[in-house]
Amino acid sequence: MSEQNTFQALSAPKGVPDYVPPASATFINVRDEFARQARLAGYQHIELPVFEDTALFARGVGESTDVVSKEMYTFADRGDRSVTLRPEGTAGVMRAVIEHNLDRGYLPVKLNYYGPFFRYERPQAGRYRQLQQVGVEAIGVDDPLLDAEVIALADRCYRAVGLTGFRLELTSLGCRECRPGYREKLQAFLFDLPLDEDTRHRAEINPLRVLDDKREDVRAMTEDAPLMLDHLCDGCRAHFETVTGTLDAMGVAYVINKRMVRGLDYYTKTTFEFVHDGLGAQSGIGGGGRYDGLMAQIGGQDLSGIGFGLGVDRTVLALEAEGVTLDGVLSRVDVFGVAIGEAAQGRMALLIDELRANGISADMAYGGRGLKGAMKGADRSGAHTALVLGERELEAGEVTVKNLAAHEQRTVPLDIDEIIDAIFVPADLETSDGL
Ligand code: HAM
């Protein structure tokens, strides 16, 4: 008997999700499938630090964004350096590309990353303080066909995990040629409105953000505001037309959202968001766009890039909302050992170890369970095959191989090769797709 615990149980920090089995299977399937799709399109994995110099995000993401001004996990380390848990991935990728001279080789540099990001937001359904993204960045070539590739890749990622009820919204945010003139027009329009002091201040610093104001009265006032998409220079217009034309030809559906405002400052030209209506307020399941000035901003060459970040947490929620289960890869192991009696259990432990050494996923019932309890374990494990070893079988030098799906069984000699032959299942019975 264990003693009574006198410590109070602890919870995860507020707004930080756990993914525990069985839901963790959906999480890992989504993340791995997104990464697999990125690799299929020629993106190579980059593993980045979870914390960086604070200056990277201040310069890269933009001081006027909520992400930088209100949401960063920033602290001084023991050497009194200011470091920040990464709130997003693009700035870090840029820093690493510059630091390792990846931009001095063949362009575009195509990179894929995934992992946790941290934003001190107000937690609610689908809005976490530790969030998970899979991202790609294609750096060094300003080609609208690459914009179409990145967008089509994101669309394919969602479809590959079975998501259908989402919408792709698209716009262009212009470039350093046409944006300043548009910004002035928008500011002139906004300064004529009876805005409160805070909103007027926002109009001075980041006028585009006012277009994203959720308040009814502000929305009504800005209904006729000039919009960037109607003020693009010829270059940006042609770029955007190639992007939309290519997406049309690829059969990727989208809607133009001229009022789209992204939460990060680096976007130029093509900008997009994937929205799912089954998620309530936190409907953005992914987004991205082109960023012309970012690399120069953090001290590198003046090269353009484009990328996306897909929200894994929200994709999992969206799949739940659509009732999609990813049971194709849900099985934990292929083979489960059921052994009765101490000697048989000892022998089974060795067999299971040998199966694993042969690349076959396997587990067994521990804790001296009886047949019924052990078979329950086999059931929960998702295994398609059970190996049953009792004292009588052990004495006879045999083991029973049960095909749990087909309810068939046969007895084979207690020999690893014979056992492997007997548990081989045809491809359509395989429960793992080798991700
Ligand atoms: P973002 O739009 O800030 O873009 O984030 C991308 C996705 O991450 C969102 O669409 C959402 O699904 C998910 N996400 C963001 N915040 C949270 C949160 N608090 N809780 C749960 N999920 C969240 C970026 O981060 C850019 N770095 C994407 C990019 C890459 N643009 C160009 N390259």
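Everything quoted here is computed from the prediction, not taken from an experiment. Counting starts from 1 at the beginning of each chain's written sequence and moves along it residue by residue. Side-chain atom pairs in this predicted model are given and counted only at pLDDT of 80 or more, local residue features only at pLDDT of at least 70, and totals for whole chains, interfaces and linings cover all residues. Side-chain metrics rest on all non-hydrogen atoms present in the structure, leaving aside hydrogens and water.

**Q** Account for the pairing of strand 5 (residues 109-118), with residues named and values stated.
**A** Counted residue by residue, strand 5 has eight buried out of ten residues, so it is predominantly covered. Here a strand pair is declared whenever DSSP counts at least two bridges between the two strands. Put simply, DSSP marks the helices as runs of H or I at least four residues long and the strands as runs of E at least two long, and each gets a number from the N terminus on. Here two bridges tie strand 1 (residues 44-45) to strand 5, and the two strands are oriented parallel to one another. The residue of strand 5 that forms the bridge with His45 is Asn112. With ten bridges connecting them, strand 5 and strand 6 (residues 130-139) associate as antiparallel partners. Bridging across to strand 6, Lys110 finds its partner in Ala138. The cut-offs for exposure are 20% and 50% of the maximum accessible area for each residue type, with area from a 1.4 Å probe on protein chains only; residues under the lower value are buried, those over the upper are exposed, and the others partly exposed.

**Q** Go over the pattern of salt bridges with me, naming the residues and quoting the values.
**A** When a carboxyl oxygen of Asp or Glu lies within 4 Å of a side-chain nitrogen of Lys or Arg, that pair is called a salt bridge. The tally for this structure, following the rule as stated, stands at 23 salt bridges. For the salt bridge of Asp147 with Arg290, the shortest nitrogen-to-oxygen distance reads 2.7 Å. With a gap of 143 residues between them, Asp147 in helix 5 (residues 144-160) and Arg290 in strand 10 (residues 284-291) connect regions that are remote in the sequence. Of the charged contacts in the structure, one is a salt bridge between Arg167 and Glu169, with a shortest N-O distance of 3.1 Å. Residue classification places Arg167 among the partly exposed positions, given a relative accessible area of 30%. We classify Glu169 as buried; its relative accessible area is 10%.

**Q** Hey, could you go over the UniProt feature "domain: Aminoacyl-transfer RNA synthetases class-II family profile" (unreviewed entry) in the chain for me, with residue numbers and the actual values?
**A** UniProt positions are given in the numbering used here, feature names are shortened, and annotations may be inferred rather than shown by experiment. The feature "domain: Aminoacyl-transfer RNA synthetases class-II family profile" (unreviewed entry), as given by UniProt, occupies residues 30-322 in the numbering adopted here. Secondary structure over residues 30-322 splits into 39% helix and 23% strand, and the C-alpha atoms at its two ends are 14 Å apart.

**Q** Mind laying out the sheet that holds strand 3 (residues 73-76), listing which residues take part and the relevant values?
**A** One open sheet accounts for three strands, arranged 2-4-3; its pairing is antiparallel. Edge positions in the sheet fall to strand 2 (51-53) and strand 3, since each has one partner strand and no second. For this sheet, the mean angle separating the axes of adjacent strands, direction not counted, is 35 degrees. In this sheet, strand 4 (residues 82-85) lies alongside strand 3 in antiparallel orientation, the contact comprising four bridges. Paired with Thr74 across the strands is Thr84, a residue of strand 4. Orientation is described by lines fitted to C-alpha atoms, with helices fitted over the stretch in contact, and by angles between N-to-C directions that extend from 0 to 180 degrees.

**Q** Just give me the short version of a negative patch on the surface, but keep the residues and values in it.
**A** Side chains of Asp353, Glu354, Asp415, Asp417, Glu418 and Asp421 sit close together on the surface and give a patch of like negative charge. If you list the elements that add at least two residues to the negative patch, you get helix 13 (342-357) and helix 16 (416-423). Ranked by the residues each element gives to the negative patch, the list is headed by helix 16, at three residues. With respect to the helices and strands, Asp415 occurs in the loop between strand 16 (408-413) and helix 16. The patches described consist of residues with a relative accessible area above 30% and no salt bridge, like charges being joined within 9 Å and nonpolar side chains (Val, Leu, Ile, Met, Phe, Trp, Tyr) within 5 Å. Each accessible area is a Shrake-Rupley result for a 1.4 Å probe, and residues are judged covered by the shown protein chains and nothing else. Note on charges: Lys and Arg go in the positive column, Asp and Glu in the negative column, and His and the chain ends are not counted at all. A single reference atom marks each charge: NZ on Lys, CZ on Arg, CG on Asp, CD on Glu.

**Q** If you had to explain the site of the ligand to someone new, which residues and values would you point to?
**A** For this description, a residue counts as near a given molecule or strand if any of its non-hydrogen atoms is within 4 Å of it. What surrounds the ligand is a group of 27 residues, the closest being Glu88, Glu121, Tyr128, Tyr267 and Gly284. What qualifies as a polar contact is a pair of N or O atoms within 3.5 Å, subject to a donor-acceptor requirement within protein and to the restriction that residues adjacent in sequence count only when both atoms come from side chains. The separation between a nitrogen atom of the ligand and a polar side-chain atom of Glu88 is 2.7 Å. Note that an oxygen atom of the ligand is positioned 3.0 Å from one of the backbone N or O atoms of Gly286. Within the residue set of the shell around the ligand, elements represented by two or more residues are strand 6, strand 10 and strand 11 (305-311). At seven residues, strand 10 tops the list of elements feeding residues into the shell around the ligand. Only Asp, Glu, Lys and Arg are considered charged, only Ala, Val, Leu, Ile, Met, Phe, Trp, Tyr, Cys and Pro nonpolar, and every remaining residue, Gly among them, polar. Residue classes in the shell around the ligand are distributed as nine nonpolar, eleven polar and seven charged.

**Q** I'd like a rundown of the nonpolar core, residues and numbers included.
**A** Nonpolar side chains tend toward joint burial in soluble globular proteins. By nonpolar core is meant a set of buried Ala, Val, Leu, Ile, Met, Phe, Trp, Tyr and Cys residues that side-chain atoms within 4.5 Å join together. Grouped together as the largest cluster of nonpolar side chains are 57 residues, with contacts concentrated most on Phe272 and Phe274. Ranked by the residues each element gives to this core, the list is headed by helix 5, at nine residues. Here Phe274 is in contact with Ile151, Ala154, Asp155, Tyr158, Phe166, Arg167, Leu168, Ser283, Gly284, Ile285 and Gly286, once residues within four sequence places are set aside. The criterion used for residue contact is that any of the two residues' heavy atoms lie within 4.5 Å.

**Q** How would you summarise unusual backbone geometry if you had to cite specific residues and measurements?
**A** Negative phi characterises most residues that are not glycine, and trans characterises most peptide bonds. Following Pro21, the chain continues to Pro22 via a peptide bond in cis, the omega torsion being 5 degrees. With respect to the helices and strands, the residue Pro22 is situated in the segment before helix 1 (23-40). Here Leu107 and Pro108 are connected by a cis peptide whose omega angle stands at 5 degrees. You can see Pro108 is positioned in the loop between helix 4 (90-99) and strand 5. With a phi angle near 55 degrees, Asn101 is a residue other than glycine that sits in the positive phi range. If you trace the backbone, Asn101 turns up in the loop between helix 4 and strand 5. For Lys269, which is not glycine, the phi dihedral falls at a positive 50 degrees.

**Q** Describe in detail empty space enclosed by the protein, supporting the description with residues and values.
**A** The pocket and cavity definitions rest on a 1 Å grid over protein atoms only: a 1.4 Å probe that fits but cannot leave marks a cavity, an open set with protein on both sides within 12 Å along at least five of seven lines marks a pocket, and residues lining either have an atom within 4 Å of a point. Grid points are joined across faces, edges and corners, and a volume is the space filled by probe spheres set on the points. On inspection of all chains with the given rule, the structure shows two cavities of 30 Å³ or more. Its boundaries defined by the atoms lining it, the largest cavity holds a volume of some 40 Å³. Every residue along the wall of the largest cavity is listed here: Leu48, Pro49, Glu52, Phe57, Arg86, Glu88, Gly89 and Gly92. Within the lining of the largest cavity, the residues separate by chemical class into three nonpolar, two polar and three charged. Quantified by volume, the second largest cavity comes out at close to 30 Å³. For the second largest cavity, the full set of lining residues is Leu173, Tyr182, Leu208, Leu211, Leu227, Met228, Lys258, Arg259 and Met260.

**Q** Just give me the short version of the packing of helix 13 against helix 16, but keep the residues and values in it.
**A** The contact between helix 13 and helix 16 brings their axes to 11 Å, and the two run at 70 degrees. The angle between helix 13 and helix 16 places the two elements in the roughly perpendicular class. Two packed elements cross with a definite hand, and for helix 13 against helix 16 that hand is right-handed. Note on element contacts: helix 16 touches helix 13 through Ile416, Ile419, Ile420 and Ile423, opposite Leu351, Glu354 and Leu355. Class assignment of the residues belonging to the contact of helix 13 with helix 16 gives a composition of six nonpolar, no polar and one charged. To sort the angles, those under 35 degrees are grouped as roughly parallel, those over 145 as roughly antiparallel, those from 65 to 115 as roughly perpendicular, and the leftovers as oblique. Crossing handedness is read from the near helix: turned anticlockwise from the far helix by less than a right angle, it gives a left-handed crossing, and turned clockwise, a right-handed one.

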